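# Summary of structural features
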Amino acid sequence: MSPERKFVILLTGILLLSLFACQTPTPTPPPTFSPTSTPSPTAIPAPQVTFLEENTAGGGQWRVKTFDLQPHIIELDITCDPQTGCLRLPQAEANTRYSASLTVQVGDQIIWHYACSDVRPCEKIHPPLQIAFRAETADEYPVYLYGEWLGAQISAQGLQIPSLLRGIAYSPFRDCQSPHLDIYPNEEQIREDLKMLEGMGNAIRTYSSVGIVGQIPQMAQKQGFRVSAGAWLGKDLQENEQEIAALIQIANTGPLESVIVGNEVLLRGDLTEEQLIGYIERVKQAVNVPVTSAEVAYTLAEHPQLMQTLDYYLIHIYAYWDRQPAEGAAAYVAQVYRDFEAKAGGKRVIIGETGWPSNGPINERAVPSLQNQQKFLQEFIAIAEAEEIEYYYFSVFDEMWKSEGGVGPFWGYVYADRSFKYPVQSLLLPQQTSPASQPVSVQPAATSAAPLYQPEPFVVYRDFAAEVNHFSPSGWMGDIDRLNVNSCSPAPAPPKSGWGADLEEWPDRAMTIAYSPEFTDKNGWAGIYWLHPENNWGNLPDGFDLTGYSMLTFKAKSTCNPSYSRGSACNPYAPMLVKFFVGGVVAGAEYPSSITQPIYPQEADRLGFVTLTPEWQEFHIDLLRANKTHVFDGFGLAFDRIDIPFGASIDLDDIQFVEEAPPFYQPQPTTIPESLPIFTSPYLSRGFEMGVDTNLKERTWATFNPKDGGLLKMQYPGGQAWGVVFITYGDPEQEWGQRQGTDLSAYTSLTFEIKGTNNQQTIQVGVKDQNQPDTGGETKKLLTLSENWQTVEIPLSFFRGVQWDKVYIPIELVFTGSQAQTVSLRNVQYRR
C-alpha cells in the first residue's frame, strides 16, 4: 500500500472518530461545590481606632484604620454607661408621646439605627453593642454616632469573612410596595439595602428573576455577596416561562453560587412534582452552576424523585410553624437539620429559611414577640456557627404586604423603615449567648404539615396588598370626588383583646378613608363597596359562598388628618357617624347578591350608623340568618353630609368574616329612639332619598329651599293627571322586586308639618313597603290643607297592608288634577 493511500485511510479514520465523538459526547457531571472547613470568622490584625470629636447629641466621630488587604469584616464594639446603657430615655408622663434614637454611620452609610416611640418598645441598649461593616481593603473609615448616647466608647477588631454560608433571604419590598399590585422598589432603594446588608451576611438568595428584582443578583455581586438567584414558580405557566428564561440569563451572565427553581411550590400545591422536575431539568441543561429548589424540610423528604434531581438541598425549617416554644427553638431547628442531613446521601444541605416572628397570633406553644425573636436569632447564630450549619436567615426586613396567617409582616429583625428592632445587627459576628446544649424533641416537624388555623377567617382587608384580601374597595358611590382612600396608612392598631393583646404594639398598616363634603354636592353622601372581583356590581357571576361564616368583624376609629379635612374643622373627638354594612347589591344586577338587603353592625343605630371615636373599636355584623351563597359585596361604608358636614377621616383594619362570634364578644342591646327623623330641615335624614314624578314625567318641581328654613317646597305643575313626591329608603330608582326596606315596626305614628297656599287644597299621604306594586292601590290619607303650618299625626294602623319591617317609602304625597298647586313640608318623623 502506497504511503499516500495509508495517509488517506488514516485521515478518514480520524474524521470518522471526530464525527462520532460529536454525535455522542461524554456526559458532563453536574456542577458541585463543597464548603471549606473554616466554621467561623477568624481574627486578623486589629484595626486602629482614633477618637476625633464629640457632638452635642451625646455621640461623636471616630476614625477606624484597617490594615488587611483582602475583603474582611470590621467589628465595632460600642460601650456606654454600664448602669444606664446607651440610650437615654426621656421621662414620659401619662398620655405623653416621646421618641429617641441611636444611629451608627460609617462614611455616608447608616448601618444601624434604633428608634423608639409611643408605638415601639423603648428599652435601653446595654453594652456592648456589636456592629459590623465590610472593608474591601486596608483603608480609613470615619465612624459617627448620632443620638442619645451616654459616654460612648468604640473599639474594633477585624474578622475574616466566613467561608460557610451565613446568608440572607432578601426580599426588597418596603412599606406600601407589593408584587401583587405591581408596586416595586426602585434601583436606588435596592442599592441602599445592599449597602446596609454588606456587614450583615456573606450571601444573598433571591426569589424572582424578572423585573427590578431580577437585577439584584448582579448588583449584589458587585458589592461582594455570594448570590443564589431564584425563579418564582406558581400556577400561571406563562409567568413561569418568563421566570425560567430570566433565571437562565442571569446564571449565564455572571458567577452565581447556585440557582433556585421555585420556592415552596409543592407545599402550596401550585405545581405537581413532575412539572417542577421538568423546570429543574431544563435549567440544569442550560446553566453551569448547582441547581436546587427550596421546600419545607418535611415536604422535600416526601418527594424522593425530586431529591434525586437536585444538586443540593435547600430546606426551610420553622420552629414557629411546628408549634415549638421559643425556649429551645434554635436547637430544634438544628436538630431537624441534622436529621435531614443524615438522610441526604452525602449531598450538601443548606437551610434556605429559618426565623421567628416578632408579632402575630400565638401558634399553640409558639409565641411571637420581639423578645422571643431576638432570643431565637442570637441562639441560632451561635448554634449554626458551633455546628457548622450553612443557612439563609429569614428575614432581615419586615414586609407589610405579606399575610401568612397574621405573622407574614413580622419576620424581619429590622422594621420595614430600616430601623433595627434590637441590638443584633450581623449574622457574621459571634453572639454573646449560651444556647441550650441538650437536644430537643423533634415532634412533629418531620411528619406534620404547617398548621392551619381553625376556624380560618375569610378576609376582606387585613393589610396593604395582603394575599388574603378577597375584595377590592372599587365600588365608589355618591359624590365620589369627595372621597380619598389610602390603603397603606401608618395607623398603629394594637388589639384590645384576642391574639396579640398581651404583646407589644407594632407598626401596623390600616386603610384610611376621608370624606370632604361641600354644600353644593349633588348627592350629599358618598360610599364605597368592597367588591369581588374589582368593579363587579353584579354584572359578573363571580362571588363567594360564605355559608359557613356567621359574622363579619372589623376595627374602626376616627382620625384627624389635615390633608383630608378643611383646616380647623377637623376634630377627631367630635361624634363621627359612619354607616357600615354587608351585602345589598341587587338593583340592576344580572347576578344579584344573595344578601338582598344591607346588614348593619349590631352596635349601630336603626339606620346602620355607628359613632366612631379616636380609639379603636371592634364591630360585629351578624350574618347567621343571611343567605351567603353568592357574596361579591363583602363590605361597604357610607358617609352622609347631614351628620358630618365638615367631613370625616376614619381608619379601618382587620375586616373579615368569621365562623363564630369571638369568645370575648358581648353584643350590646339595640336602643330604639322615641322618634325617627325622616326629613329634618334642611336635609333628608341619612339613608333616605327623594323621588319626583308625574304622568307626563315632570321631575323637577320639588326642591329643598335652605333660604326658607330648609323646607321641602313642592310646586305641582298644571296640565297633569297626577304627580307624586316620595321619600325612599335608599335609591328611589330601585326596581320593584329589588327594593330595600327599613324596619319601622317599633313606631306607631307618622307626623309632619305641612301647609298650602289656600284653605281649599287637598293632598293624599301614603306609605309603601318594598313589595307593594306601583299601581297606586296603597292606602292613602286625604288631607285638606291650610295656608298656615299645621301638624299632622297619622296612626300607622291607618295604612292597611303595610309590612312595617320592610318600609320602602315612609311618606309619599300624591297630587291629582290639572290645577297647579304649591305645598310646603317639613319635620317628617316616625314616633313610638
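Parameters at a glance
Residues numbered from 1 in each chain as written. Predicted model: local features only at pLDDT ≥ 70, side-chain atom pairs only at ≥ 80, totals over all residues. Heavy atoms only, no water. Helix = DSSP H or I, 4+ residues; strand = E, 2+ residues; numbered from the N terminus. Buried < 20%, exposed > 50% of the residue type's maximum accessible area, 1.4 Å probe, protein only. Contact = heavy atoms within 4.5 Å. Areas by Shrake-Rupley, 256 points an atom, 1.4 Å probe, with all protein chains shown as cover. Polar contact = N/O pair within 3.5 Å; in protein donor to acceptor, adjacent residues only side chain to side chain. Disulfide = S-S within 2.5 Å. Pairing = 2+ DSSP bridges. Axes fitted to C-alpha atoms, helices over the stretch in contact; angles between N-to-C directions. Core = buried A, V, L, I, M, F, W, Y, C linked by side-chain atoms within 4.5 Å. Phe/Tyr/Trp six-rings, centres within 6.5 Å; stacked < 30°, edge-to-face > 60°. Lys NZ or Arg CZ within 6 Å of the ring centre and 35° of its normal. Salt bridge = Lys/Arg side-chain N within 4 Å of Asp/Glu carboxyl O. Expected span 1.5 Å × (residues − 1). Arc of directions from axis to C-beta.

### Observations concerning the overall build of the protein chain
A tally of helices and strands in the protein chain yields 10 helices and 40 strands. Each of the 832 residues in the protein chain was classed as buried or not, and the buried ones make up 53%. In the protein chain, once contacts between residues fewer than 6 apart in sequence are set aside, the share between residues at least 24 apart is 76%. When the accessible surface of the protein chain is totalled, it reaches about 36400 Å², and 50% of it is carbon and sulfur.

### Observations concerning unusual backbone geometry
Residue Ser395 is bonded to the preceding Phe394 through a cis peptide linkage, with omega at -5°. Note on placement: Ser395 falls in the loop between strand E17 (391-393) and strand E18 (458-461). Note the cis peptide between His532 and Pro533, where omega equals -15°. Relative to the assigned elements, Pro533 resides in the loop between strand E22 (525-531) and strand E23 (551-559). Phi is positive for Asp654, close to 50°, though the residue is something other than glycine. Mapped onto the elements, Asp654 comes out in strand E28 (residues 648-658).

### Points about the side chain of Asp651
You can see Asp651 is positioned in strand E28. Within the local environment of Asp651, its side chain forms a polar contact with the side chain of Thr512, the two groups lying 2.5 Å apart.

### Concerning the state of the cysteines
Linking two cysteines covalently through their sulfur atoms gives a disulfide. For the structure shown, the criterion picks out two disulfides. Shown here is the disulfide that connects Cys80 with Cys86, its sulfur atoms set 2.3 Å apart. The sign of the S-S torsion, about 95°, decides the handedness of the disulfide formed by Cys80 and Cys86: right-handed. Here the two residues Cys80 and Cys86 agree in accessibility, since each one is buried. With a sulfur-sulfur separation of 2.1 Å, Cys176 is cross-linked through a disulfide to Cys488.

### Structural notes on the sheet that holds strand E19 (residues 472-478)
Two orientations exist for strands paired in a sheet by backbone hydrogen bonds: parallel and antiparallel. The strand order across the open sheet built from five strands is E19-E22-E27-E24-E25, with neighbouring strands paired in antiparallel fashion. In the strand order of this sheet, the two ends are held by E19 and strand E25 (609-612), each with one partner. Adjacent strand axes in the sheet meet at a mean angle of 25°, parallel and antiparallel pairs treated alike. The pairing of strand E24 (residues 576-581) with E25 spans four bridges and is antiparallel. Its bridge partner being in E25, Lys579 is matched across the sheet by Phe609.

### With respect to the nonpolar core
Across soluble globular proteins, you tend to see nonpolar side chains buried next to one another. In terms of nonpolar packing, the biggest core is built from 121 residues, with Trp112, Trp149, Leu197 and Tyr413 touching the most fellow members. Here the element with the most residues in this core is helix H9 (residues 329-342); it accounts for nine residues. Here Leu197 is in contact with Ile168, Tyr170, Ile204, Phe225, Val396 and Phe397, once residues within four sequence places are set aside. Formed by 88 residues, the second largest nonpolar core is a distinct cluster that contains Val585, Val610, Ile678 and Phe688.

### Structural notes on the packing of aromatic side chains
How two aromatic rings sit relative to each other is set out by the distance from centre to centre and by the angle between their planes. The tally for this structure, following the rule as stated, stands at 43 aromatic pairs. Between Tyr413 and Phe420 the ring centres are 6.3 Å apart and the planes differ by 50°, which places this aromatic pair in the tilted class. Accessibility classification places Tyr413 together with Phe420 in one group, the buried group. Taking NZ or CZ as reference, Lys421 lies 5.4 Å from the ring centre of Tyr415, over its face. Over the ring of Phe798 we find Lys781, and its NZ or CZ is 5.1 Å from the ring centre.

### Quick look at the pairing of strand E3 (residues 60-66)
Of all seven residues in E3, five are buried; the element is thus mostly enclosed. Inspection of the sheet shows strand E2 (residues 48-54) paired to E3 by six bridges, in the antiparallel sense. Paired with Gln48 across the strands is Lys65, a residue of E3. Across seven bridges, E3 lies against strand E8 (residues 139-147) in antiparallel orientation. When the sheet's bridge partners are listed, Lys65 is paired in E8 with Glu140.

### As for the pairing of E23
Judged by how many residues are buried, E23 sits mostly within the fold: nine of nine residues are covered. Burial along E23 is two-sided: Met551, Thr553, Lys555, Lys557 and Thr559 and Leu552, Phe554, Ala556 and Ser558, pointing in opposite directions, are all buried. Pairing of E23 with strand E26 (residues 617-622) involves six bridges; the strand directions are antiparallel. By the bridge assignment for E26, Lys555 is matched with Glu618. Bridge count between E23 and E28: eight bridges; the pairing is antiparallel. Among the inter-strand pairings, Thr553 is bridged to a residue of E28, identified as Gln656.

### Looking at the sheet that holds strand E36 (residues 762-769)
Reading across from one edge, E31-E34-E39-E36-E37 is the order of the five strands in this open sheet, with antiparallel pairing throughout. Looking at which strands have only one partner, the edges of the open sheet turn out to be strand E31 (688-694) and strand E37 (780-784). When the angles between neighbouring strand axes are averaged without regard to direction, this sheet yields 20°. Note: E36 against strand E39 (residues 807-816), five bridges, orientation antiparallel. Looking at E39, one finds that Asp769 is bridged to Val807.

### Quick word on the pattern of salt bridges
By the definition in use, this model includes 28 salt bridges. Here Asp193 and Arg418 are joined by a salt bridge, their closest N and O atoms 2.8 Å apart. Pair noted here: Asp193 is in helix H2 (residues 187-197) and Arg418 is in the loop between E17 and E18, with a separation of 225 residues, a long-range link. The exposure class assigned to Arg418 is buried, which follows from its relative accessible area of 9%. A salt bridge links Arg282 to Glu241; the nearest nitrogen and oxygen atoms lie 2.9 Å apart.

### Focus on helix H6 (residues 273-286)
The end-to-end C-alpha distance of H6, which contains 14 residues, comes to 20 Å, matching closely the 20 Å that a straight helix rising 1.5 Å per residue would cover. Leu276, Ile277, Tyr279, Ile280 and Val283 are the residues of H6 that are buried. Within H6, the buried residues cover an arc of 160° as seen down the axis, which keeps them to one side. The outward face of H6, more than 90 degrees from its buried face, is lined by the exposed residues Glu274 and Gln285. Residues of H6 that are buried sit in contact with helix H4 (237-251), strand E13 (258-263), helix H5 (265-268), strand E14 (291-296) and helix H8 (304-309).

### Structural notes on the environment of Arg831
With respect to the helices and strands, the residue Arg831 is situated in strand E40 (residues 821-831). For Arg831, a relative accessible area of 37% translates into the label partly exposed. C-alpha of Arg831 to C-alpha of Ala746: the two residues are 85 residues apart in sequence and 8.7 Å apart in space. With residues up to four places along the chain from it excluded, the contact list for Arg831 reads Glu674, Ser675, Tyr747, Thr748, Ser749 and Thr751.

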